[in-house]
Amino acid sequence: MSTINFSAREINFKIVYYGPGLSGKTTNLKQIYDQVPAESKGEMVSLATEDERTLFFDFLPLDLGKVNGFKTRFHLYTVPGQVFYNSSRKLILRGVDGIVFVADSAPNRLRANAESLRNLRENLQEYNLRLAEIPYVIQVNKRDLPDALPADMVRQVLDPEVRVEAFEAVASEFQGVFEPLKAVSKLVLEKLAQKT
Amino acid sequence: MLEPSLDLYGETYEKVDSILADLLSKSHARYAMIIDRKGFVLTHRRALWAPKPPSLDSLATLIASNYSANTAIANLFGESAFKETVQQGSEVGTYLEELGEKALLVTVFDSSAALGRVKLFTKKAVEEIRAVLRDSKEEAPKVEFDQEWSSSTEALLDGLFGSGKS
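Thresholds, definitions, all that
Residues numbered from 1 in each chain as written. Chains lettered and ligands numbered in written order. Predicted model: local features only at pLDDT ≥ 70, side-chain atom pairs only at ≥ 80, totals over all residues. Helix = DSSP H or I, 4+ residues; strand = E, 2+ residues; numbered from the N terminus. Buried ≥ 20, exposed ≤ 12 C-beta atoms within 10 Å, placed from the backbone. Contact = placed C-beta atoms within 7 Å. Nonpolar A, V, L, I, M, F, W, Y, C, P; charged D, E, K, R; others polar. Core = buried A, V, L, I, M, F, W, Y, C linked by C-beta atoms within 7 Å. Expected span 1.5 Å × (residues − 1). Arc of directions from axis to C-beta. Axes fitted to C-alpha atoms, helices over the stretch in contact; angles between N-to-C directions. Parallel < 35°, antiparallel > 145°, perpendicular 65-115°, else oblique.

K.L.:
How should I be thinking about the overall build of chain B in this particular structure?
P.N.:
Across its full length, chain B carries 4 helices and 6 strands. Along chain B, from the amino end to the carboxyl end, the secondary structure elements read β-α-β-β-α-β-β-β-α-α. With the principal axes as the frame, chain B shows a C-alpha extent of 55 × 40 × 35 Å. Looking at chain B as a whole, 36% of its 166 residues qualify as buried. When contacts within chain B are restricted to residue pairs at least 6 apart in sequence, long-range pairs at least 24 apart make up 59% of them.

Structure follows, in structure tokens:
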């Protein structure tokens, strides 16, 4: 749920990158951090293990700019993808405004994608939220893998009725990184405009 | 949905700000911040003598997440929450108190401030802020998110992320 801060004249949104372990959620945030101009970003915080796997979350604040005297800000988070960190994933979803689901194109991760999406639905339920009610897009990542599954096949598992936008990406090469973020940001802003 | 986590504006904001200033002066702490439980900064105060704080966004996010994790640990033991959240390093420490269901008051202090004093005046500030919020009769200002606002934000998105297909 977006937060308005009248004293600082800010509107804040929380966007969460979700998906199975090693699908590239942290890579997305690192690329965004590298590509966004300094005046539009804050510090990136990563709570990771020694082998650079996300332990709790990564965090990156972005400033979109000022409209009608209000600064519009997006706080980007990743969740830890590994199955046993579910408690952490649940905590990060608190107050979520938009979701980028980062799917892995590797054939042996097809099931992990589906399980992660099911896990997302379950965790949202803890906050009485339904995925269908939240601005949400899919990023089909790692399109450069030699044995990458067809993007449509990955999508078919996650969104058989083609209800949400999907983007192909090679996040490590900064391909298809801004597009899903821009799309979900637009959906989040549209939702706010509809509700007020 | 758009929600102010706390109704902080106008006279209410002025009063809360003055309570935070009083807290810093009496406790000898460096900074006092009100953050919401999602990790957004709602308002903050810095003592005149205190060094520049680290990134407030990072601080608020880490404190709110740490609080959530501590509450989850308490729940594992059948507790609704731990009563106190104190972090103490050799030079700097933080003390945290709940402020209603949606926000937290965080006091950051250094070795020149006694923990007991920080706790005492932080608890007192929480009571005072609760009373101000309870007695506030101000209504939230209306913010219009019209077509013009939508077009402007879309232009900003194009500016930041490029104007390609989204």
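After that view, the rundown keeps rolling.
K.L.:
What exactly am I supposed to notice about the environment of Leu96(B) here?
P.N.:
Residue and element names in this part refer to chain B. Locating Leu 96 in the fold gives a position in strand β5 (residues 92-99). Placed 77 residues apart in sequence, Leu 96 and Ile 19 show a C-alpha to C-alpha distance of 16 Å. If we ignore the near neighbours within four places in the chain, the residues touching Leu 96 are Ile 63, Tyr 67, Thr 85, Leu 104 and Val 106.

K.L.:
Mind showing me how you'd approach the interface of chain B and chain A here?
P.N.:
Interfaces are often sized by the amount of accessible area the parts lose when they come together. Tallying the contact residues gives 39 residues for chain B and 42 residues for chain A. Contributions of two or more residues to the side of chain B that touches chain A are made by β1 (2-3), β3 (41-46), α2 (56-76) and α4 (147-161) of chain B. For the side of chain B that touches chain A, the leading source of residues is α4(B), giving 9 residues. For the side of chain B that touches chain A, the class distribution of residues is 19 nonpolar, 14 polar and 6 charged.

K.L.:
How do you make sense of the nonpolar core when you look at a structure like this?
P.N.:
For soluble globular proteins, the rule of thumb is that nonpolar side chains tend to be buried together. Judged by nonpolar contacts, the single largest core of 53 residues is most densely connected at Val16(A), Tyr17(A), Leu76(A), Val100(A), Phe101(A), Val137(A) and Val184(A). Broken down by element, the residue count for this core peaks at 8 residues, all from helix α5 (residues 178-195) of chain A. In contact with Val137(A), other than residues within four places in its own chain, are Val100(A), Val164(A), Glu165(A), Ala166(A), Phe167(A), Pro180(A), Ala183(A) and Val184(A). Membership of the second largest hydrophobic core comes to 39 residues, among which are Tyr31(B), Ala60(B), Leu99(B) and Val108(B).

K.L.:
Even after reading the chapter, I still don't get unusual backbone geometry, so can you show me in this structure?
P.N.:
The bulk of non-glycine residues show a negative phi, and the bulk of peptide bonds are trans. Residue and element names in this part refer to chain A. Despite not being glycine, Leu 22 shows a phi value in the positive range, around 65°. Within the element layout of this structure, Leu 22 appears in the loop between β2 (10-18) and α1 (25-35). Here Val 162, not a glycine, exhibits a phi torsion of approximately 50°, which is positive. On the secondary structure map, Val 162 appears in the loop between α4 (151-158) and β8 (166-168).

K.L.:
Hey, could you run me through α4(B) in this one?
P.N.:
All names here are of chain B. End to end, α4 covers 21 Å across 15 residues, agreeing with the expected 21 Å (1.5 Å per residue, within 8%). Turning to α4, its buried residues are Thr 153, Leu 157, Leu 160 and Phe 161. Relative to the axis of α4, the buried residues are bounded by an arc of 75° and lie together on one face. In α4, the exposed positions that point more than 90 degrees away from the buried face belong to Gln 147, Glu 148 and Ser 151. Residue Gly 162 follows α4 closely and has a positive phi angle near 95°.

K.L.:
How do you make sense of the packing of helix α1 (residues 10-27) of chain B against helix α3 (residues 115-135) of chain B when you look at a structure like this?
P.N.:
The axes of two packed helices give the description: the angle between them and the distance between them. Residue and element names in this part refer to chain B. Running from N to C, α1 and α3 cross one another at 170°; their axes reach a closest spacing of 9 Å. It follows that α1 is roughly antiparallel to α3 by the angle criterion. Residues Thr 12, Lys 15, Val 16, Ile 19, Leu 20, Leu 23, Lys 26 and Ser 27 of α1 lie in contact with α3, whose contacting residues are Arg 117, Val 118, Phe 121, Thr 122, Ala 125, Glu 128, Ile 129, Val 132 and Leu 133. In the contact of α1 with α3, the residues fall into 10 nonpolar, 3 polar and 4 charged.

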